[in-house]
There are 4 protein chains.
Amino acid sequence: MKPRVSVVGAGDASPKELALAESLGAALGRAGAIVVTGGLGGVMEAASRGCLEAGGSTVGVLPGTDPGAANPWVEIPLATGLGETRNALVVRIGEAVVAVGGEWGTLSEIALAKKIGREVGLLGDPPCDLQLPRMSTGEEAADWALRVARTSVRGGF
Amino acid sequence: MKPRVSVVGAGDASPKELALAESLGAALGRAGAIVVTGGLGGVMEAASRGCLEAGGSTVGVLPGTDPGAANPWVEIPLATGLGETRNALVVRIGEAVVAVGGEWGTLSEIALAKKIGREVGLLGDPPCDLQLPRMSTGEEAADWALRVARTSVRGGF
Amino acid sequence: MKPRVSVVGAGDASPKELALAESLGAALGRAGAIVVTGGLGGVMEAASRGCLEAGGSTVGVLPGTDPGAANPWVEIPLATGLGETRNALVVRIGEAVVAVGGEWGTLSEIALAKKIGREVGLLGDPPCDLQLPRMSTGEEAADWALRVARTSVRGGF
Amino acid sequence: MKPRVSVVGAGDASPKELALAESLGAALGRAGAIVVTGGLGGVMEAASRGCLEAGGSTVGVLPGTDPGAANPWVEIPLATGLGETRNALVVRIGEAVVAVGGEWGTLSEIALAKKIGREVGLLGDPPCDLQLPRMSTGEEAADWALRVARTSVRGGF
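Conventions we followed
Residues numbered from 1 in each chain as written. Chains lettered and ligands numbered in written order. Predicted model: local features only at pLDDT ≥ 70, side-chain atom pairs only at ≥ 80, totals over all residues. Heavy atoms only, no water. Axes fitted to C-alpha atoms, helices over the stretch in contact; angles between N-to-C directions. Helix = DSSP H or I, 4+ residues; strand = E, 2+ residues; numbered from the N terminus. Left-handed = near helix turned anticlockwise from the far one by under 90°. Contact = heavy atoms within 4.5 Å. Nonpolar A, V, L, I, M, F, W, Y, C, P; charged D, E, K, R; others polar. pLDDT = per-residue confidence, 0-100. Pairing = 2+ DSSP bridges. Buried area = accessible area lost by both parts, 1.4 Å probe. Salt bridge = Lys/Arg side-chain N within 4 Å of Asp/Glu carboxyl O. Polar contact = N/O pair within 3.5 Å; in protein donor to acceptor, adjacent residues only side chain to side chain. Buried < 20%, exposed > 50% of the residue type's maximum accessible area, 1.4 Å probe, protein only. Least-squares fit on C-alpha atoms with pLDDT ≥ 70 in both. Lys, Arg positive; Asp, Glu negative; His and termini not counted. Expected span 1.5 Å × (residues − 1).

*Asks:* For this particular structure, what's the right way to read the packing of helix H1 (residues 15–30) of chain D against helix H2 (residues 43–53) of chain D?
*Replies:* Two numbers describe a pair of packed helices, the interaxial angle and the distance between the axes. Residue and element names in this part refer to chain D. In contact at an axis separation of 6 Å, H1 and H2 are set at 30 degrees when each is read in the N-to-C sense. In this structure, H1 crosses over H2, and the sense of that crossing is right-handed. Contact residues: Leu18, Ala21, Glu22, Gly25, Ala26 and Gly29 in H1; Val43, Ala46, Ala47, Arg49, Gly50, Cys51 and Glu53 in H2. A breakdown of the residues in the contact of H1 with H2 according to their chemical character gives seven nonpolar, three polar and three charged.

*Asks:* What is the right way to look at the confidence of the model for chain A in this model?
*Replies:* Interpretation of this model should avoid reading the predicted coordinates in detail wherever pLDDT is low. Confidence in the prediction of chain A, expressed as mean pLDDT, is 95, and 97% of residues score 70 or more. Prediction confidence for the complex, expressed as pTM and ipTM, is 0.96 and 0.95 respectively.

*Asks:* Honestly, the sheet that holds strand E4 (residues 76–79) of chain B in this entry has me stumped. Any pointers?
*Replies:* Pairing between the strands of a sheet comes from backbone hydrogen bonds, and it takes one of two forms, parallel or antiparallel. Residues and elements named next belong to chain B. Strands sit in the order E4-E3-E2-E1-E5-E6-E7 across an open sheet of seven strands; the sheet is parallel. A strand with exactly one partner marks an edge of an open sheet, and here the two such strands are E4 and strand E7 (134–135). Across two bridges, the pairing between strand E6 (residues 120–123) and E7 is parallel. Its bridge partner lying in E7, leucine 122 is registered against arginine 134. Across the sheet, helix H1 (residues 15–30) is in contact with strand E1 (4–9), strand E2 (34–37), strand E5 (96–100) and E6; its angle to E5 comes to roughly 155 degrees. The strands touched by helix H4 (residues 104–115) are E1, E5 and E6; relative to E6, the strand with the most contacts, the crossing angle is about 150 degrees.

*Asks:* Is there a simple way to think about the interface of chain B and chain A in this case?
*Replies:* Many descriptions give the size of an interface as the accessible area lost when the pieces come together. At the junction of the two partners, chain B supplies 24 residues and chain A supplies 24 residues. In this assembly, chain B packs against chain A so that about 2000 Å² is buried in total across both faces, 64% of it on carbon and sulfur atoms. At the junction of chain B with chain A, the criterion picks out zero salt bridges. Here chain B is connected to chain A by zero residue pairs in polar contact (both at pLDDT 80 or more). Of all the elements in the fold, those that place two or more residues in the side of chain B that touches chain A are E4 and helix H3 (87–93) of chain B.

*Asks:* Would you take a moment to explain the interface of chain B and chain D for this structure?
*Replies:* Facing the four residues of chain B at the interface are four residues of chain D. Counting each side, the surface lost to burial between chain B and chain D is near 230 Å², with a carbon and sulfur contribution of 51%. When the area that chain B buries against chain D is broken down by residue, the three leading residues are Gly81, Leu82 and Thr85 of chain B, summing to 91%. Taken together, the connections running from chain B to chain D amount to zero salt bridges.

*Asks:* Please explain the environment of threonine 85 of chain A as it appears in this structure.
*Replies:* Structurally, threonine 85 of chain A can be placed in the loop between strand E4 (76–79) and helix H3 (87–93). For threonine 85 of chain A, a relative accessible area of 5% puts it in the buried group. Taking the C-alpha atoms as reference, threonine 85 of chain A lies 25 Å from glutamine 131 of chain A; in sequence the two are 46 residues apart. Once you skip the residues sitting within four places of it in the chain, threonine 85 of chain A turns out to touch Leu82 of chain C together with Thr85 and Ala88 of chain D.

*Asks:* When you look at the relation of the copies chain B and chain D in this model, what are you seeing that I'm missing?
*Replies:* Each of the two chain copies can be brought onto the other by rotation about an axis and movement along it. Structural alignment of chain B on chain D gives an RMSD of 0.0 Å, achieved by rotating through 180 degrees and translating 0.0 Å along the axis. Here the symmetry operator amounts to a two-fold rotation axis. Among all residues of chain B, the minimum C-alpha distance to the rotation axis is found for leucine 82 of chain B, at 2.3 Å. A share of 100% of the interface residues of chain B reappears at the interface of chain D, consistent with the copies meeting face to face through the same patch.

*Asks:* Teacher, can you tell me more about the side chain of glutamate 109 of chain D here?
*Replies:* Residues and elements named next belong to chain D. Tracing the sequence through the fold places glutamate 109 in helix H4 (residues 104–115). Buried glutamate 109, no salt bridge; nearest opposite-charge side chain is arginine 86, N-O distance 4.9 Å. Apart from residues lying up to four places away in sequence, glutamate 109 is in contact with Val8, Asn87, Val90 and Val91.

*Asks:* Explain H4 of chain B here, please?
*Replies:* In an α-helix there are 3.6 residues to a turn, and that puts residues three or four apart on one side. All names here are of chain B. Taking 1.5 Å per residue, 12 residues should reach 16 Å; H4 reaches 16 Å between its end C-alpha atoms and fits that length. Extensive coverage of H4 is indicated by the burial of nine of its 12 residues. Among the residues of H4, Gly105, Thr106, Leu107, Ser108, Glu109, Ile110, Ala111, Leu112 and Ala113 are the ones counted as buried. Glycine 117, located one to two residues past H4, shows a positive phi value of around 95 degrees.

Here it is in structure tokens:
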């Protein structure tokens, strides 16, 4: 089964964050991983584009009911209709989570992920001061996430 | 984007229902569709196996938190941790829904699908007397579902 | 702890169904029960009005994010933002479920309730032919529901 | 309609946090408010006890399917079966949110609340450094929350 990595981050991101997200997605895609995001723009779109163009798969867990709201790099749109409640699903589906920058929405995903036992790595400037592993490049974060996914207890949490 | 068809039905199904589900999955897989199920056994497993072996893709929307609970033909396990509340997501993700036999769980998926505007086709003996399109073979149901998916308003419901 | 009874039924109901729902709510309210509904109009509003005016309590589990969408007889609006996915919560919160008439939405609630182990009683014409207890008056249905709630395993399902 | 205030905080809390939560609950109860919590122990239990004993109402939005898991001061247990996904509902139901101390779960609730437009006030030591209003007593936090609830756009967010 392909490793699944959730990538979370703001829809409104800086050029540096977008570049980090795209290189992260590309490194995950080269490894044949599935990148799981919230399916919208910004970091979600950059990571999905990087992954899909590099040969990986992409899942978008959308807040609304319209699969057409997914960015064009989402292969499998999940239009949940759950609103922000879907944030819990974004991080539950992955075996590891990487956060790229982000604000309140991203912070909720980081915190939910930690609460349910997912490892979370940080790229860029996190939404607040958190005691979590920090990476400086997309490649480094991808290596970390794939290592976590590989050693995760596949039997759930 | 690949068409997405939700296949719902009981985990405890008859040999005839399992054969219908597998032929339905196979016809959808040959067409390059994504089959979305609840990820467990019985009809869910038969449809997933048929689809994956025929070259399609499979998503399993699991009730529990353990992705390892998915049947072996699920490519992308979504371990939601939502319990039976996940039934709404199973039918929301597809563009058309086919129900194969089934009991209370399947009936809830049929009814939720209709409530949110999804077309539902029936194979085998439905859980109660419903005024919905009936098909007699997996191939016929696959043709119907792909036609519905192709003409669905992609912009959501 | 007060008994909790979920009352489900269509937003667009007949005068006979509305009268049944109101008398059901009133009988539950006289017994000091909490009536749980989907919080909107029709059967949901009639049952809530009957219950609140008779001295009971009312909870409305709304699909949208606006608590102001609740009918005026809902004491505690739960604006879930979950859309129709909230149907699972409506029936999970009660210890017994009474369905008054209804269409697809109600059928989904009946089926979800049975799937998770709730007893369901029927008033008026059910959405399809179901092998479930039938009552003919609101008082009779209230007696049945209170008896089920009293003997339910309080430790959950 | 009674004001609704969500109180979030750790199940495993310090004596100081428990005292803050109880005085917050009591001040809200004296004002006739509904206190909404996650329904379990620690801060959730202390706030519920304070509120109920002071004459207010209490709702507990539980992660599991067993209403019997609610602390004894919860009047209306909502056993959602949604796991940690229920955190989004805890903060959505209130018109204002007060966080008392807390760790990852509480941080997820603070962040989700801000993401959907709820005001959040902090009592005790927050899970990380956040730019949010800080209060020093339960009474002060209750006054703040009731003022926010009173001026909230009742029409949802």
